[in-house]
Amino acid sequence: MESTTKIELPVLLPDIPDDRDACVLRLVRDLRALRAVLDVHVVDAPGKEASLLCVHYDSDGVGLGDVERAAVQAGAAVTARYGHAVLPIRAIDGEDAARRIEAGLRRVEGVLHASVSLPAQRARLEFDREILDETTIRTELEAMGYGPPTRPRKGGEERENGDEPTGLLARMVANKELVLSLGAGLLLAAAWSGQRWLSLPAMAALPLYLAAYVLGAWDLAGHWSRALRKGNLTFDIDLLMLVAALGAAALGEWAEGAFLLFLFSLAHALEHRALDRARGAIRALADLAPATARVLRDDALVDVPVEDVRAGEWVIVRPGERIPVDGEVRRGRSVVNQAPITGESVPVEKGDGDEVFAGTVNGEGALHVETTRAAGDRTLDRVIQLVEEAQTRKAPTERLTDRFERIFVPLVLLSAFALAILPAVMGWWTWSTSFYRSMALLVAASPCALAIGTPSAVLAGIAQAARNGVLIKGGVHLEKLGAVAALAMDKTGTLTVGRPDVTDVVPAGAVSPDELLRVAGAVEKTSQHPLGEAVVRRAEAEGVALPEAGDLESLTGRGVRSSLDGRVVEIGNLRLWEETGVPVPEEVRAAVERLSESGKSVMAVRHGERWLGTLGVADRPRPGVRETLDRIREQGVGTLVMMTGDNRGVAEAVAREVGIDEVMAELLPEDKVAAVKALLARHDGVAMVGDGVNDAPALATADVGIAMGGAGTAAALETADVALMGDDLAGIPFTVGLSRRTRAVIRQNLAVSLSVIALLIVATTTGIFGIGPAVVVHEGSTLVVVGNALRLLRYRPRAEEAFPDSSA
């Protein structure tokens, strides 16, 4: 497997053989539990204190950072030996140039893995810092002819000649491949029309055809010649096209050969301009944050570049401005539109102590924000970096087509060679007919559309997700999410709000609800218990004034005791009174039983000799969660499962309220991993939703791990396969729908590509199509699959856009 990477991490093992064996087994078990880890074994290192833990993993399924974090959790040590880089490239030749670049980089000593996305124009590498550094890698890329553009463009996307080229010459240089292609077309048109209508002699037309050849094959031949000089030869699409063009010239079919190179180069130029729309989605993310910030320094406001703002400095954000830094509000109140980062459609109110993110839009109030993360470490920066890396992680379908091309292209060359000789030898065709049809076969069987169809869809799908507040960390996760049959969700903080609230106020006898809340709230005001805090919040929300109560006494497992107005106040479960023989009124007991049966935590309240009533407390479902789950089902996910450590009664009450199909209750954190494995045994695809921190092992066990609240925690961004930037389940129906749409587009592109190849092979070998018509259909199919992939940029998070996977 080309994407397999091997690293060696130091690990200290006990001297005692039995302890050593147990430690090795635990390390191997824990690391193998990480998805995409293929093999783990310990290698003794003579002369060194530590042994080496050798880990083999699939670099397209899991990153170096993920493996190192898992190794640390398992007990291994991590050094700075291994490096990771995502570098911009400029590759404008054939669709399979990615394989040529990867092959060249893998030959560099110290490179552990290289993955290239031609649509994203990015190369992802993992390398051994003891052998080479990032500067050396950049030098190698430049020597191969695929170095980064020379000048950066605002927002991180590169252009060869500045931000926006001005002047005719600058525009021509910035669009060199399109200019060369159009030049080849003009020369071809001049030579062909001159011969056809102006009686231009063949010898006079020949220099025009030769010039058209040179312009049409300029980039194609340039990259191939550099590969030849470095010994990095591959049987690829470029070779098929060059051989076909040269073969046409050898037959004297100069016009057809020039037409082939003209259309091939024109299709490439248009294809790259079209894919720039998808790359533009990421550029737009980078452009969200302003370039400068208004900073309070020495009691004066100073406009400084955002890169110079340090953590701890105060930034002043005026109404209507974009926030330039991640930070916490220290003064002022406003509403902030967080849609660019979290995808939330409703602006969020912000006040003292609330967190804000760079790139979000301030509302009508001025905010004083204390910077918590400087440029480079902001949520927006991390998202952009992770999206760029995600675009280089190949989807399973892309890896399959790569393997197919490596076998198919040499077979095409052999078939063309046989077609050029055997029919003529057997006397079926003339030599010229055999050779011409073999050249036409090279064009017909060139898998350009097959090579670009999947990566362009992955690029567009990941970009569209990022624009809507969802980070998908690779094509493999994008494809897998579109095939899930079951979705497991943690209860607390995922399906529910994540904090208890008073849901029921049940006074006893003639007691008013306000009196019940006044006494209970006064006592619980000094409590640190979540249930007590819930009582105080409810009393304050009802506008109940809370008097000062006496000292609070905690009665473990039963409740609390205090005093108010000279009388004892007791709050707790019924055991608090039953153990001391105090009779509980039937009215209170019935209320407790009723609330308990509905999954509530129940507190009875007694003030002196008077029973005031009961309070029901529960962690409430998130607003709109039932509708969200219904939309998830509409996307084809058949089974919705809730996992929780709560008792079964509470769990089933919440499940009934929100519409969950299956409940797994009373689970310890390690039990959730076993529960996910049980689901995997019953369903073809399982996704798990959690917070990305406490649920990290379960997320890693599922086919796809989804973390919520990625904008507020780096851990969620790092550990999950998919991160919802907003702290809300509403992004899941959109994400599943987008993944299913992407899978459908990939299948459509494969069908178009393979059908066109089959059609053209038959048409060219039987003489129905010559080189010219074959080129038109061939390059047209390439543009069709790219255009089809770019439709994903219009996918919107609306319920009515459900697009069920036809394979589901």
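See the structure printed just above.
Reading the values: rules and limits
Residues numbered from 1 in each chain as written. Predicted model: local features only at pLDDT ≥ 70, side-chain atom pairs only at ≥ 80, totals over all residues. Heavy atoms only, no water. Helix = DSSP H or I, 4+ residues; strand = E, 2+ residues; numbered from the N terminus. Buried < 20%, exposed > 50% of the residue type's maximum accessible area, 1.4 Å probe, protein only. Contact = heavy atoms within 4.5 Å. Areas by Shrake-Rupley, 256 points an atom, 1.4 Å probe, with all protein chains shown as cover. Axes fitted to C-alpha atoms, helices over the stretch in contact; angles between N-to-C directions. Parallel < 35°, antiparallel > 145°, perpendicular 65-115°, else oblique. Nonpolar A, V, L, I, M, F, W, Y, C, P; charged D, E, K, R; others polar. Salt bridge = Lys/Arg side-chain N within 4 Å of Asp/Glu carboxyl O. Core = buried A, V, L, I, M, F, W, Y, C linked by side-chain atoms within 4.5 Å. Phe/Tyr/Trp six-rings, centres within 6.5 Å; stacked < 30°, edge-to-face > 60°. Lys NZ or Arg CZ within 6 Å of the ring centre and 35° of its normal. Pairing = 2+ DSSP bridges. Expected span 1.5 Å × (residues − 1). Arc of directions from axis to C-beta. Patch = residues over 30% accessible without salt bridge, like charges linked within 9 Å, V, L, I, M, F, W, Y side chains within 5 Å.

Enquirer: Honestly, the overall build of the chain in this entry has me stumped. Any pointers?
Expert: Regarding its fold elements, the chain presents 28 helices and 30 strands. Within the span of the chain, comprising 808 residues, buried residues form 54% of the whole. Within the chain, contacts between residues separated by at least 24 positions form 67% of all contacts whose residues are at least 6 apart in sequence. Roughly 33600 Å² of accessible area belongs to the chain as shown, and the carbon and sulfur atoms make up 56% of that amount.

Enquirer: Where do I start with the environment of Gly257 in this structure?
Expert: Here Gly257 shows up in helix H10 (residues 254-286). Considered as a pair, Gly257 and Ala244 are 13 residues apart in the sequence and their alpha carbons are 7.3 Å apart.

Enquirer: Explanation requested: the packing of helix H22 (residues 625-634) against helix H23 (residues 648-658) in the structure shown.
Expert: A packed helix pair is summarised by two numbers, namely the angle formed by the two axes and the spacing between the axes. Packing of H22 against H23 brings their axes to within 8 Å, and their N-to-C directions diverge by 70 degrees. When the axes of H22 and H23 are compared, the pair comes out roughly perpendicular. Of the residues in H23, those touching H22 at Val625, Arg626 and Leu629 are Arg656, Glu657 and Val658. Residues belonging to the contact of H22 with H23 are distributed by class as follows: 3 nonpolar, no polar and 3 charged.

Enquirer: Teacher, can you tell me more about the pattern of salt bridges here?
Expert: When their charged atoms lie close together, side chains carrying opposite charge are able to pair. The full count for this structure, using the stated rule, is 32 salt bridges. We note a salt bridge from Glu328 to Arg330, for which the minimum N-O separation is 2.7 Å. Classification of Arg330 as partly exposed rests on a relative accessible area of 30%. One salt bridge in this structure joins Asp504 and Lys600, with 2.7 Å as the shortest N-O distance. Within this pair, whereas Asp504 is found in strand E20 (residues 496-507), its partner Lys600 is found in the loop between helix H21 (586-597) and strand E24 (601-607), the two being separated by 96 residues in sequence. Sharing partners across several salt bridges, the network here consists of Glu553, Arg561, Glu570, Arg606 and Glu609.

Enquirer: What am I meant to see in the nonpolar core here?
Expert: Within soluble globular proteins, side chains that are nonpolar tend to cluster in buried spots. By size, the foremost hydrophobic cluster in this structure holds 71 residues, and its most contacted members are Leu487, Met489, Leu629, Ile660 and Ile706. Considering every element that reaches this core, the biggest residue donor is helix H15 (residues 448-467), with 10 residues. Excluding anything up to four places from it in sequence, Leu487 contacts Ile632, Val637, Thr639, Leu640, Val641, Ala687, Val689, Ile706 and Ile732. The next biggest cluster of nonpolar side chains, apart from the first, holds 43 residues, and it includes Leu178, Ala245, Leu261 and Leu266.

Enquirer: Would you mind showing me how to read the packing of aromatic side chains here?
Expert: Two aromatic rings are characterised by how far apart their centres lie and by the angle between their planes. A full pass over the atoms with the stated rule returns 5 aromatic pairs. Considering the side-chain rings of Phe734 and Tyr795, the 5.6 Å spacing of their centres and the 35 degrees angle between planes classify their relative orientation as tilted. Separated by 61 residues along the polypeptide, Phe734 in helix H27 (residues 731-765) and Tyr795 in the segment after helix H28 (771-790) bring together distant segments of the chain. When its relative accessible area of 3% is taken as the criterion, Phe734 is described as buried. Judged by its relative accessible area of 1%, Tyr795 is buried. Just above the ring of Trp429 sits the side chain of Arg437; from NZ or CZ to the centre is 4.4 Å.

Enquirer: Looking at this model, I keep getting lost on the sheet that holds strand E22 (residues 559-564). Mind explaining?
Expert: Strand pairing in a sheet relies on backbone hydrogen bonds. The paired strands run either parallel or antiparallel. The strand order E20-E25-E24-E23-E22-E21 describes an open sheet built from 6 strands, whose pairing is antiparallel. Of all strands in the sheet, those with a lone pairing partner are E20 and strand E21 (553-555), marking the two edges. Each adjacent strand pair in this sheet contributes to an overall mean axis angle of 20 degrees, direction not counted. Bridge analysis of E22 against strand E23 (residues 567-572) gives 6 bridges, and the strand direction is antiparallel.

Enquirer: Help me understand the pairing of strand E28 (residues 686-690) in this model?
Expert: On any regular strand, side chains alternate: one points to one face of the sheet, the next to the other face. Of all 5 residues in E28, 5 are buried; the element is thus mostly enclosed. With burial as the criterion, each face of E28 is covered, one bearing Val686, Met688 and Gly690 and the other bearing Ala687 and Val689. Sheet topology places strand E19 (residues 486-490) next to E28; 4 bridges connect them, and they run parallel. Pairing of Ala486 across the sheet is with Val686, part of E28. Looking at chain direction, E28 and strand E29 (residues 704-708) are connected through 4 bridges and run parallel. Residue Val689 lies in a different strand from E29, and its bridge partner there is Ile706.

Enquirer: Teacher, can you tell me more about H21 here?
Expert: Residues spaced three or four apart along an α-helix point in a common direction, a consequence of the helix completing one turn every 3.6 residues. The terminal C-alpha atoms of H21, which comprises 12 residues, lie 16 Å apart, in line with the 16 Å expected from a rise of 1.5 Å per residue. Residues of H21 that are buried: Val588, Ala591, Val592 and Leu595. Looking straight down H21, one finds that the buried residues subtend no more than 100 degrees of arc, so they occupy a single side. Along H21, the residues that are exposed and aim more than 90 degrees away from the buried face are Glu586 and Glu597. Taken together, the buried residues of H21 touch E20, E24 and strand E25 (610-621). Following H21 by one or two positions, Gly599 adopts a phi angle in the positive range, close to 85 degrees.

Enquirer: Can you walk me through a nonpolar patch on the surface in this structure?
Expert: Side chains of Phe417, Ile421, Leu422, Val425, Met426, Trp428 and Trp431 sit close together on the surface and give an oily, nonpolar patch of about 830 Å² of accessible area. Element by element, the count of residues in the nonpolar patch is highest for helix H13 (residues 396-425), at 4 residues. Along the chain, Ile421 turns up in helix H13. The class of Ile421 is partly exposed, set by a relative accessible area of 30%.

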